Amino acid sequence: MELDLSSERLDDLARRMLPVLADVGALQLRHRAGALEVDRKADASPVTLADSESEELIEQALARLCPAIPVVGEERVSAGAMPPAADRFFLVDPLDGTREFIAGRDEFTVNIGLVETGRPVFGMVYAPARAELFVAPYRGRAIRLELAPGDRSASLDAGMAITARRPGAAGLVAVASRSHSDAATEEILARHPVCERVSAGSSLKFCLIAHGKADFYPRPGRTMEWDTCAGHAVLEVAGGRVTTLDGLAFAYGKREQGFANPGFLAWGRTAT
């Protein structure tokens with residue numbers, strides 16, 4: 001039965017997608033334990049069979065639950081399949097942090113976000129190798145749940161509410177990309193009272209702020225909407241925010257730009 005996402009049914013969507021994410025996580029870890037073959041996309045970024053198979057599982061599930069809502073998936077778009085324009089659509093990154101995945105690190109994620117009229121209104125960020133899932137909103141909150149890959153019996157009701165924090169008197173804990181830090185990032189960090197830096201991969205950077213483990217994430221370089229939507233949704237529900245580098249609203253649905261993002265700043269709660 002199709003979900004009515006105009007009401008409070010996002011909780012149902014999260015519950016029904018939970019076993020799907022558990023399956024995707026198990027699939028990805030199986031791939032990584034075997035002989036991993038790495039190809040290159042047109043933009044020279046790495047891609048594996050785990051990326052495409054994960055996206056297929058997620059898209060099939062979303063098509064069953066919400067057949068009227070288009071899905072913008074990274075791998076399909078990269079292959080030239082541009083979905084029709086819509087005010088409401090899913091953004092799916094089946095394996096965010098492919099470099100981390102290939103390198104054997106645990107900071108890769110599965111991202112499922114929902115956009116309505118340019119805003120992220122729902123997100124699920126799953127880190128299979130860390131058995132860690134972030135969801136928002138679920139019962140009106142952002143939550144963190146321990147989810148082992150392949151565990152189809154897990155319940156979101158076991159999740160813990162999380163919230164972004166206000167920065168301490170010593171300054172900001174900044175989180176930066178492990179693979180994409182550059183001079184522009186360093187210049188932004190130098191303009192703020194940063195007392196500590198944490199390196200991380202994938203959309204977990206948003207979740208670190210949502211979980212009150214960091215305060216600030218600058219990203220002046222190029223990202224794609226499927227990289228950010230789910231983490232952005234989790235952070236907003238947890239009390240944080242994401243803006244452009246100029247402090248404007250960070251919008252989604254930039255189809256004419258191929259769903260490419262401008263630079264952005266992600267924040268926890270304000271100091272006041």
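Residues numbered from 1 in each chain as written. Predicted model: local features only at pLDDT ≥ 70, side-chain atom pairs only at ≥ 80, totals over all residues. Heavy atoms only, no water.

Visitor: How should helix α5 (residues 183-190) be read in this particular structure?
Guide: In an α-helix, one turn spans 3.6 residues, which is why side chains three or four residues apart end up on the same side. If you check which residues of α5 are buried, you get T185, I188 and L189. One side of α5 carries all its buried residues, which in axial view fall inside an arc of 100 degrees. Exposed and oriented more than 90 degrees from the buried face of α5 are A183 and A190. Against the buried residues of α5 lie β10 (172-177), β11 (194-200), β12 (216-219) and β16 (264-267). (Buried < 20%, exposed > 50% of the residue type's maximum accessible area, 1.4 Å probe, protein only. Helix = DSSP H or I, 4+ residues; strand = E, 2+ residues; numbered from the N terminus. Arc of directions from axis to C-beta. Contact = heavy atoms within 4.5 Å.)

Visitor: Help me understand the packing of helix α1 (residues 10-33) against helix α2 (residues 49-65) in this model?
Guide: A pair of packed helices is characterised by two quantities: the angle between their axes and the separation of those axes. At their nearest, the axes of α1 and α2 sit 10 Å apart, and the two run at 165 degrees to each other. As judged from the angle between their axes, α1 and α2 are roughly antiparallel. Along this stretch, α1 crosses α2, giving a crossing that reads as right-handed. Judged by residue contacts, L13, R16, M17, V20, V24, L27, Q28 and H31 of α1 engage L49, A50, E53, S54, L57, I58, A61, L62 and L65 from α2. Of the residues in the contact of α1 with α2, the class split is 12 nonpolar, 3 polar and 2 charged. (Axes fitted to C-alpha atoms, helices over the stretch in contact; angles between N-to-C directions. Parallel < 35°, antiparallel > 145°, perpendicular 65-115°, else oblique. Left-handed = near helix turned anticlockwise from the far one by under 90°. Nonpolar A, V, L, I, M, F, W, Y, C, P; charged D, E, K, R; others polar.)

Visitor: Sorry, what's going on with the nonpolar core here?
Guide: Ranked by size, the top nonpolar core spans 35 residues in total, and within it L91, V234 and A266 carry the most contacts. Breaking this core down by element, the ones donating at least two residues are β4 (88-96), β6 (119-127), β7 (132-138), β10, α6 (204-210), α7 (225-237) and β16. Beyond its immediate stretch of four places on either side in the chain, V234 contacts G123, V125, F134, V135, A136, A142, I162 and A210. Residues M17, V92, M124 and I143 belong to the second largest nonpolar core, which totals 32 residues. (Core = buried A, V, L, I, M, F, W, Y, C linked by side-chain atoms within 4.5 Å.)

Visitor: Teacher, can you tell me more about the packing of aromatic side chains here?
Guide: Two numbers describe a pair of aromatic rings. These are the distance of the centres and the angle of the planes. Counted according to the given criterion, the structure contains 9 aromatic pairs. Seen from their ring centres, F250 and Y252 are 5.6 Å apart, and the 80 degrees between their planes marks the pair as edge-to-face. The exposure classification of F250 matches that of Y252, with both residues buried. These aromatic residues form a ring-pair network of at least three members: F206, Y217, F250, Y252 and F264. Above the ring of F250, the side-chain terminus of K254 is found at 5.4 Å from the ring centroid. (Phe/Tyr/Trp six-rings, centres within 6.5 Å; stacked < 30°, edge-to-face > 60°. Lys NZ or Arg CZ within 6 Å of the ring centre and 35° of its normal.)

Visitor: I would appreciate a short explanation of the pattern of salt bridges in the present structure.
Guide: Side chains carrying opposite charge are able to pair once their charged atoms draw close together. If you walk through the whole model with that rule in mind, you get 17 salt bridges. Two residues, E100 and R105, come together in a salt bridge whose shortest N-O distance is 2.5 Å. For E100, a relative accessible area of 3% gives the class buried. (Salt bridge = Lys/Arg side-chain N within 4 Å of Asp/Glu carboxyl O.)

Visitor: Help me understand α7 in this model?
Guide: Its 13 residues place the ends of α7 18 Å apart at the C-alpha level, agreeing with the 18 Å of an ideal helix rising 1.5 Å per residue. With 11 of its 13 residues buried, α7 lies for the most part within the structure. Every buried residue belonging to α7 is among E225, W226, D227, T228, C229, A230, G231, H232, A233, V234 and L235, and all of these are buried. Positioned one or two residues after α7, G239 has a phi angle of 105 degrees, which is positive. (Expected span 1.5 Å × (residues − 1).)

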